Amino acid sequence: MATLEDIGVSAFINIGFTFLFLLGFAFIRIQPWADRVYNTKWYIKGMRKSNNRGGVFQRFVNLDARSYVTFLNWMPEALRMSQADIIDHAGLDSAVYLRIYILGMKIFVPVTIAALLFLIPVNVSGGTLLSLKKEVVFTDIDKLSISNVSAGSQRFWIHLLMEYLFTFWACFILYKEYSNVAFMRLHFLATQQRRAEQFTVVVSNVPHVSGHSISESVDQFFQRNHPEHYLGHQAVYNANKFARLIRRKERLQNWLDYNHIKFEKHPDKRPTRMTGFLGLCGEKVDAIDFYAEQIRVLDKSITAERQRVLKDSKAIMPVVFVTFDSRWAAAVCAQTQQSKDPTKWLTDWAPEPRDVYWRNLAIPFVSLSIRRLLMSISLFALVFFYMIPIAFVQSLANLEGLEKEASFLRPVIEIKVIKSFLQGFLPGLALKIFLYILPTVLMIMSKVEGHLSLSALERRTASKYYYFMLVNVFLGSIVTGTAFEQLYSFLHQSPTQIPRTIGVSIPMKATFFITFIMVDGWAGIASEILRLKPLIIFLLKNTFIVKTERDREKAMDPGSISIPETLPTLQLYFLLGLVYAVVTPILLPFVLVFFAFAYFVYRHQIINVYDQEYESAGAFWPHVHGRIIGSLLISQLLLLGLLSTKKAADSTPLLIVLPVLTIWFHKYCKSRFEPAFRKYPLEEAMEKDNMEKDSESNLNLKAFLADAYLHPIFHSFDNDVVEAADIRVDKTQSYAASPVRSEITRSEASSPSPPHYVYHYDIEP
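Residues numbered from 1 in each chain as written. Predicted model: local features only at pLDDT ≥ 70, side-chain atom pairs only at ≥ 80, totals over all residues. Heavy atoms only, no water.

- Under an unreviewed UniProt entry, the name given to the chain is CSC1-like protein At1g32090, and the source organism is Dioscorea cayennensis subsp. rotundata.
- Recorded under Subcellular location (unreviewed entry), the UniProt text for the chain is reproduced unchanged: "Membrane". (UniProt positions renumbered as here; feature names shortened; annotations may be inferred.)

## What to know about the pairing of strand β2 (residues 230–237)
For step 1, the next point in the chain: Within β2, eight of the eight residues are buried, which leaves it mostly tucked inside the rest of the structure.
For step 2, the next point in the chain: Note that β2 and strand β5 (residues 316–324) share seven bridges and pair antiparallel. The residue bridging Val-236 from the neighbouring strand is Met-317, located in β5. (Buried < 20%, exposed > 50% of the residue type's maximum accessible area, 1.4 Å probe, protein only. Helix = DSSP H or I, 4+ residues; strand = E, 2+ residues; numbered from the N terminus. Pairing = 2+ DSSP bridges.)

## Brief notes about the pairing of strand β1 (residues 200–204)
For step 1, the next point in the chain: In terms of residue burial, β1 counts as a mostly covered element, since five of its five residues are buried.
For step 2, the next point in the chain: Neither face of β1 is open: one carries Thr-200, Val-202 and Ser-204, the other Val-201 and Val-203, and all of them are buried.
For step 3, the next point in the chain: Examined bridge by bridge, β1 and β5 share five bridges and lie antiparallel to one another. What sits directly across from Val-202, in β5, is Phe-321.

## Topic: the sheet that holds β2
For step 1, the next point in the chain: Read across the sheet, four strands follow the order β2-β5-β1-β6 without closing on themselves; strand pairing throughout is antiparallel. Pairing within the sheet leaves two strands with one partner each, and these edge strands are β2 and β6 (346–349). Ignoring strand direction, the axes of neighbouring strands in this sheet form an average angle of 30°.
For step 2, the next point in the chain: Where β1 meets β6, four bridges bridge the pair, whose relative direction is antiparallel. For Val-203, the partnering residue across the bridge sits in β6 and is Thr-347. (Axes fitted to C-alpha atoms, helices over the stretch in contact; angles between N-to-C directions.)

## Side note on the nonpolar core
For step 1, the next point in the chain: In terms of nonpolar packing, the biggest core is built from 139 residues, with Tyr-97, Phe-474 and Tyr-580 touching the most fellow members.
For step 2, the next point in the chain: Per element, the largest residue contribution to this core is 15 residues, and it comes from helix α9 (residues 156–191).
For step 3, the next point in the chain: Apart from the residues within four sequence positions on either side, Tyr-97 is in contact with Ile-561, Ile-563, Thr-566, Leu-570, Tyr-602, Ile-606 and Phe-620. (Core = buried A, V, L, I, M, F, W, Y, C linked by side-chain atoms within 4.5 Å. Contact = heavy atoms within 4.5 Å.)

## What to know about the UniProt feature "transmembrane region" (unreviewed entry) in the chain
For step 1, the next point in the chain: Under the local residue numbering, the UniProt record ascribes the feature "transmembrane region" (unreviewed entry) to residues 12–30, 107–124, 156–175, 373–392, 425–444, 465–484 and 572–600.
For step 2, the next point in the chain: Secondary structure across residues 156–175 comprises 100% helix and 0% strand; the distance between its end C-alpha atoms is 29 Å.
For step 3, the next point in the chain: Secondary structure within residues 572–600 divides into 86% helix and 0% strand; the distance between the first and last C-alpha atoms comes to 19 Å.

## Notes on the packing of aromatic side chains
For step 1, the next point in the chain: In this structure the tally under the stated criterion is 34 aromatic pairs.
For step 2, the next point in the chain: Taken together, a centroid distance of 5.2 Å and an interplanar angle of 80° make the contact between Phe-290 and Tyr-291 edge-to-face.
For step 3, the next point in the chain: When the ring centre of Tyr-467 is taken as origin, the NZ or CZ atom of Arg-627, which lies over that ring, is 5.7 Å away. (Phe/Tyr/Trp six-rings, centres within 6.5 Å; stacked < 30°, edge-to-face > 60°. Lys NZ or Arg CZ within 6 Å of the ring centre and 35° of its normal.)

## Examining the packing of helix α14 (residues 365–385) against helix α20 (residues 438–449)
For step 1, the next point in the chain: Running from N to C, α14 and α20 point in directions that differ by 160°, and their axes come no closer than 8 Å. Our classification of the angle between α14 and α20 gives roughly antiparallel. Facing α14, whose interface residues are Leu-368, Arg-371, Arg-372, Met-375, Ser-378, Leu-379 and Leu-382, α20 presents Leu-438, Val-441, Leu-442, Met-445, Lys-447, Val-448 and Glu-449.
For step 2, the next point in the chain: The class makeup of the residues in the contact of α14 with α20 is nine nonpolar, one polar and four charged. (Parallel < 35°, antiparallel > 145°, perpendicular 65-115°, else oblique. Nonpolar A, V, L, I, M, F, W, Y, C, P; charged D, E, K, R; others polar.)

Next up, the structure:
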């Protein structure tokens, strides 16, 4: 168990790493060679360009002495941009994400002040642990916890009152924040410019009708059931080989560009290469002519493959993007059941084009159920598998219990420096390492489940990660840590005394979580702003791989908020803060420092670095709200269990009311605000449609929607690829539509079925 001295060692190490990372960032960010890594967002927006002026040395080293004097000016700069500007600059998802940190500070600033002023004096004056020193292992820090209050004491009324106050305060702030975010979302959607997803519905499990193609079935179904508003549809094809050919051409084109640049620099010497394996052997030929010929041959293969895919009836998938002539019509279709068979003609709002996860579009309904069952079983097994390393981490954090049963380890463990390192720093670091690869594994599991959008994949992965951290990091650490701490007591006392021992020792796990917060929430956040891994990767690519400006742009890795990893971690800190606010208040300042520091860092990253892959308009907020409510319930039940072991018969029954009130509050918020995140109001859709008709009466919606959901492989680096394969969408005749639409000509209305375009569903964009 970590002592006050061990916590001091951990704090010294982590604060040292934090300042080292911050100073390293402040120095490196002003160097020209690192500018693309720390200002990636501005390069992507075209508002910043590489500085090629000056000598070679000046291109790599900043010689402006004044910039070194003000090398910390990035700190105030991160706070200057307003919330409205952040929404315009980075999107609503980024602004809502930052509000989670603000929510943490709003909740925990007054809670921390109240807990330190009222609860710690009550706990310190209890003196119970001194009378149990032969039975229970504890440190000076544990004297600040509820464990130090004697059984049956009237002091527990203070803890009960504080739990009520903290819960009411948290619910009040949660209500206001849910209301604000819901308003921000509705306002954002109402003020958005016209977007393809506002008029588009994704339809899956299209049934096969004998003698009809998928496109003909879709056309007939929607012209019959939505005759007034149906515009057309785009089918989805399996084009694996086509995508591989496109990517191969991109690589060849890049080599051709590189050799053209070489020739422009040295016009007296044509670049050459060998025709053999990897250009290392064979006949030496002109490089420009070689790659030009390779591309010409490949263009023929691309055209032939495109024709093959279109003629192959097995290539078409039972999923389509259906478009309507108004937002109102799309909302009606997306939010209603289309068939008496609930497993067919499944409709939902289409994700925005860059949010589509093409690989999962055509998974059948039955397959989805099987996949999700298998992944649930796999997640269950993974959670229990990870209990092994968690138990190992706890064995490092709790050496006293092991020393009593394994005395041969005592000579090594008792070395002061080693013991402080093992208990104060290593457990948090080891847990961080064990959790490092977990988000990647959980993302793969979510992809197997078959979700249709990147945003849904990230939210589902975040849910899995949170439940994993709840079971393993929180509950697992408490259970295994308690077992290791009180190993001697468990082995030598009566079974009837074990609940009392657990009740006393659970609050003492705060020392482990304090070390974890310092490693993950202090030094870990500082390492995030340094971006050491992206920096090294960029330098390696820039040295050995980059040949053209296109390569250099690809070498920049802007990253993103990484919802699957950061959101569960945030929710864990809410859980720790709310659970230990009454139990062990000394943990609260560490949580508060995390929220303030992380808000500052992520605000800087969102403004200058991150480039979000999609925009979900804050769709993850209900998950945040729900899990904070869950944290409140866990804190109440834990306190209820602790007081029951403390024989606080007078105060304990009053706690039963609190979970009931919390659940009622959650249900009220869910019914009051969650519809804004799940459905699109028909009133709002109709109002926006009418405004658009008044302002743009001649709008050609068909042309606007024609190639909106064309797969990214057809929006390739070179428009000639699309034109050569004749895949470019003709925006004047892209859809067959309902004959009641006034702007559709008779010839268009008589078209037998809408043209359908090739989409690849089995390649991750």
